Amino acid sequence: MKIRYTEKPKSTLTVRFIPENDTIDLPDFTGAIDQINTHYKNGKGTLFCGIGPRKSCTPAIIRTAAAKAVQAVQKLKRKAVAVTVPELTNGSTTFETAMIEGILLGAYRYCAYKSEKPVEIATVEILGGTLPPADVRRLQCISESVNYARNLVNENASVITPAYLAKEARKLAATSQCTVTVLDATELRRKKLNLITAVGSGSATPPVLIMLEYRGGPRKVPVTALVGKGVTFDSGGQNLKPTGSIETMREDMVGAAAVLAVLSAAIRLKAPVNLVGVIPAVHNAIGSRAFFPGDIYTSYAGKTVEIWSTDAEGRLILADAIAYCRNTFKPARVIDLATLTGGIITALGEQIAGLFANSDELAAALFNAGEETGERLWRLPVYKEYSDSLKGDRGDLRNLSKFRKGCASSITAAAFIQEFVGDTEWAHLDIAGTAYNEAGARGEIAQFASGFGVRLLASYLGF
Ligand code: BES
Ligand code: ZN
Ligand code: ZN
């Protein structure tokens, strides 16, 4: 999609955002949020979008309204549209920024497997805008990265294998100041990343550990490690998931997709940051080679782990990936993203992701980035009682807590990961609820993969 700033639009359709009760003479149109009304005069169309009371209008409201407007334009099968920047000046360009984001993110549709392709909007003309071209380019780059993450998740699990993710990482590193290392199954075994090896052992597509190193900042700027859960399909293993829970489990690599997408945006924008992206990629399969419930495996860090459920596999691969990453790159902080627990959907729904951290400062910075981008987070505690519930009897740790079934599963999952972060600053984002939405687009949040986390991390990292 091309974004063109102009005051002389060629398009015969214009979108306008209207605050509630503004003097606009349209029957049945009050300007309430979600109201959309198309009006034609002399062959020219105007799509009026309600944005609610002027005083309480926020960039988030504009982002969502712009996304919905673009979706209404798509329904009209238009190839071009003009959009007027709403006059809501608060002295900054935050409303205009949010509007462009809404347009770019809201236009996404996944139709790789649709025989009939929908008409795409090729050009959006922006009227009354003041954003410098470099900022527009940045927004375009970030939203393309979000869409890249969405595509990786929406594609079939039989296509997106661990090897496929490794190939994507190599592509990113091919053209930039970014290096890639991929540990294959043999190297994982040799280096004793036994938890990753165990989870990946049941599949015909072997596990890998992908590491991308991007150094865009001065040498003394500390390294931030982004670790993404890359379970390319989570069958549950021998603790097989039932029908109703298994169908969307290709989504279990959204953490990995977000990490690839953030790295790709950092590379393209030449962001002045030092990052490592780490992706333990496995297919948690069921079969005669699959790892065993009740067995004990020795992690890379040395702690032994009793397997109480092969479906609690995310924490296992993250534990090894984080321990190996700390050893290898000595990052100042680790942020992991994972579709870790169904419990986080029970707790926070599909609107907000769970945030866990051993550092108040890091938690606050991530929380603020969430408020700014609309990819919101809510922090939950990791008190000692939760960690205590993971003490093993035969081994050091159990991968499920001793709590009553289902109790505090998101917190105990975070507590398990915390056993492997040592004294490194760490935050964990449980994105099982926010990453995927079957029901249909909610404004800028696309149907199926949402791309959650990409804009959040870009904002946290300051690019
Ligand atoms: N990948 C799932 C979590 C998940 C659930 C992601 C729903 C997306 C949507 C994870 O590996 C898992 O199976 N978690 C279990 C943990 C349980 C065995 C403690 C869960 O949450 O049920
Ligand atoms: Zn699982
Ligand atoms: Zn999983």
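In case you missed it, the structure is sitting above this.
Residues numbered from 1 in each chain as written. Chains lettered and ligands numbered in written order. Predicted model: local features only at pLDDT ≥ 70, side-chain atom pairs only at ≥ 80, totals over all residues. Heavy atoms only, no water.

Quick word on the coordination of the zinc ion (ligand 2)
In step 1: At this site the zinc ion (ligand 2) is bound by Asp 234 (OD), Asp 311 (O), Asp 311 (OD) and Glu 313 (OE), with donor distances of 2.0 to 2.2 Å.
In step 2: The site at the zinc ion (ligand 2) holds 6 donor atoms, and with the angles between them running 71 to 167°, its shape is irregular.
In step 3: When the donor residues of the zinc ion (ligand 2) are listed from N- to C-terminus, their spacing reads D-x76-D-x1-E.
In step 4: Separating the zinc ion (ligand 2) from the zinc ion (ligand 3) is a gap of 3.2 Å, which Asp 234 spans by donating to each of them. Taken together, the residues Asp 234 in strand S10 (residues 230–234) and Asp 311 in the loop between strand S13 (304–306) and helix H8 (314–329) connect sequence positions 77 residues apart.
In step 5: Since its relative accessible area comes to 3%, Asp 234 is described here as buried.
In step 6: Judged by relative accessible area, Asp 311 falls into the partly exposed class, the value being 23%. (Donors = N, O, S within 2.8 Å, 3.2 Å for Na, K, Ca; no water. Tetrahedral: all angles 85-135°; square planar, octahedral: opposite > 155°, others 65-115°. Helix = DSSP H or I, 4+ residues; strand = E, 2+ residues; numbered from the N terminus. Buried < 20%, exposed > 50% of the residue type's maximum accessible area, 1.4 Å probe, protein only.)

Brief notes about the sheet that holds strand S3 (residues 36–41)
Strand pairing in a sheet is mediated by backbone hydrogen bonds. Such pairs are either parallel or antiparallel.
In step 1: Judged by pairing direction, the sheet is mixed, and its 6 strands sit side by side in the order S1-S6-S5-S2-S4-S3 without closing on themselves. Of all strands in the sheet, those bounded by a partner on one side alone are strand S1 (2–5) and S3. Each strand of the sheet is rotated relative to its neighbour by a mean of 25°, with strand direction disregarded.
In step 2: Here strand S2 (residues 13–18) pairs with strand S4 (residues 44–50) via 6 bridges, running parallel. Considered in S4, the bridge of Val 15 is made with Leu 47. (Pairing = 2+ DSSP bridges. Axes fitted to C-alpha atoms, helices over the stretch in contact; angles between N-to-C directions.)

Comments concerning the pattern of salt bridges
In step 1: This structure, assessed with the given rule, holds 21 salt bridges.
In step 2: With its nearest N and O atoms 2.8 Å apart, the salt bridge here joins Glu 101 to Arg 63. Residue Glu 101 is found in helix H2 (residues 94–106), and its partner Arg 63 is found in helix H1 (residues 59–75); the two are separated by 38 residues along the sequence. Across this residue pair, the class does not change: Glu 101 and Arg 63 are buried.
In step 3: For Arg 268, the salt bridge identified is with Glu 144, shortest N-O distance 2.8 Å. Here Arg 268, found in helix H7 (residues 254–268), pairs with Glu 144, found in helix H3 (residues 133–154); they are 124 residues apart in sequence, far enough to count as distant.
In step 4: Look at Arg 268 and you get partly exposed, because its relative accessible area is 38%.
In step 5: Each of the salt bridges in this network shares a partner with another, and the network as a whole consists of Arg 63, Glu 101 and Arg 455. (Salt bridge = Lys/Arg side-chain N within 4 Å of Asp/Glu carboxyl O.)

Some words on the environment of Glu 444
In step 1: Looking at where Glu 444 falls in the secondary structure, it is placed in the loop between strand S19 (436–437) and strand S20 (448–449).
In step 2: Residues Glu 444 and Pro 9 lie 435 residues apart in sequence; the distance between their C-alpha atoms is 24 Å.
In step 3: Sequence-distant contacts of Glu 444, defined by excluding residues within four places in its chain, comprise Arg 63, Thr 64, Ala 67, Leu 105, Gly 106 and Arg 150.
In step 4: At 3.0 Å, the side chain of Glu 444 forms a polar contact with the side chain of Thr 64. (Contact = heavy atoms within 4.5 Å. Polar contact = N/O pair within 3.5 Å; in protein donor to acceptor, adjacent residues only side chain to side chain.)

A short note on the environment of Ala 66
In step 1: For Ala 66, the location among the structural elements is in helix H1.
In step 2: Taking the relative accessible area as the measure of exposure, Ala 66 reaches 1% and is therefore buried.
In step 3: In the structure, Ala 66 is positioned 41 residues away from Ala 107 in sequence and 9.7 Å away in space, judged by C-alpha atoms.
In step 4: With sequence-adjacent residues up to four places away left out, Ala 66 is seen in contact with Phe 17, Met 99, Gly 102 and Ile 103.

Re the side chain of Thr 6
In step 1: Mapped onto the elements of the fold, Thr 6 is located in the loop between S1 and S2.
In step 2: Here the side chain of Thr 6 touches Lys 8 through a polar contact of 2.9 Å, landing on its backbone nitrogen.
In step 3: In contact with Thr 6, other than residues within four places in its own chain, are Glu 125, Ile 126, Leu 127 and Gly 128.

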